Every structure is written in structure tokens, then in C-alpha cells.
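Residue-level listing of the chains:
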Amino acid sequence: MRDPCPEDEALGAYMDHVLSPERQAEVESHLITCRICREVLALAIKSKTLVPDPVITK
Ligand SMILES: [Zn+2]
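Residues numbered from 1 in each chain as written. Predicted model: local features only at pLDDT ≥ 70, side-chain atom pairs only at ≥ 80, totals over all residues. Heavy atoms only, no water.

Undergrad: Provide a residue-level description of the coordination of the zinc ion, including the pertinent values.
TA: Within the protein, Cys5 (SG), His30 (NE2), Cys34 (SG) and Cys37 (SG) serve as the donor atoms for the zinc ion, at 2.0 to 2.3 Å. The site at the zinc ion holds four donor atoms, and with the angles between them running 102 to 114°, its shape is tetrahedral. Mapping the donors of the zinc ion onto the primary sequence yields the spacing C-x24-H-x3-C-x2-C. The residues His30 and Cys37 share a single accessibility class, namely buried. (Donors = N, O, S within 2.8 Å, 3.2 Å for Na, K, Ca; no water. Tetrahedral: all angles 85-135°; square planar, octahedral: opposite > 155°, others 65-115°. Buried < 20%, exposed > 50% of the residue type's maximum accessible area, 1.4 Å probe, protein only.)

Undergrad: Run through the side chain of Gln24, naming residues and quoting values.
TA: Along the polypeptide, Gln24 turns up in helix 2 (residues 21-33). Classification of Gln24 by relative accessible area gives buried; the value is 13%. Setting aside residues no more than four positions away along its own chain, Gln24 makes contact with Tyr14, His17, Val18 and Leu19. (Helix = DSSP H or I, 4+ residues; strand = E, 2+ residues; numbered from the N terminus. Contact = heavy atoms within 4.5 Å.)

Undergrad: Please give an account of the nonpolar core that cites residues and values.
TA: One finds Leu11, Ala13, Tyr14, Leu19, Val27, Leu31, Cys34, Cys37 and Leu41 forming the largest nonpolar core, which totals nine residues. At the level of elements, helix 1 (8-15), helix 2 and helix 3 (35-50) are the ones that each hand at least two residues to this core. The biggest single contributor to this core is helix 1, with three residues. Apart from residues lying up to four places away in sequence, Cys37 is in contact with Cys5, Pro6, Leu11, His30 and Leu31. (Core = buried A, V, L, I, M, F, W, Y, C linked by side-chain atoms within 4.5 Å.)

Undergrad: Give a description of the pattern of salt bridges that names residues and reports values.
TA: In total, this model carries two salt bridges according to the counting rule given. A salt bridge links Arg23 to Glu26, with the nearest nitrogen and oxygen atoms 2.8 Å apart. Placement of both Arg23 and Glu26 in helix 2 is noted, with a separation of three residues, approximately one turn of the helix. On the basis of relative accessibility, which here comes to 31%, the residue Arg23 falls in the partly exposed class. Owing to a relative accessible area of 42%, Glu26 belongs among the partly exposed residues under this scheme. For Arg35, the salt bridge identified is with Glu39, shortest N-O distance 3.3 Å. Placement of both Arg35 and Glu39 in helix 3 is noted, with a separation of four residues, approximately one turn of the helix. Residue Arg35 is classed as exposed on the basis of its relative accessible area of 59%. In this structure Glu39 comes out as partly exposed when scored by relative accessible area, which is 42%. (Salt bridge = Lys/Arg side-chain N within 4 Å of Asp/Glu carboxyl O.)

And the structure:
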């Protein structure tokens, strides 16, 4: 039995911790079994670190 890979959007939302706890757990357990998604996530985290969020100065 193989889980379908979550969409990039879902991975992004997972990364930002904006998923529902249920979905968050689903993605998490998928990541344990799916090396591809782990790499996608690692790359996303890396690129996010390199490009910091714009600082809003007001
Ligand atoms: Zn996957």
C-alpha cells in the first residue's frame, strides 16, 4: 500500500504548520516512507532559508 504523494502546496503548508493537525500527521507519516517528498521538503526549507521573508517595516 502506497500513499499518494501530497501536492507541493500541501508540503508547503506542512512546512509552515498551517495544516489541520490531522493533515499534518498524514503528511508527516508520508514523509517517513517517501524519500522523494523528504528531498522536496528539504529543498523547500533550504530555499526558504536562503530567501528570507520580506520584513515589513511600518
Ligand atoms: Zn511522497
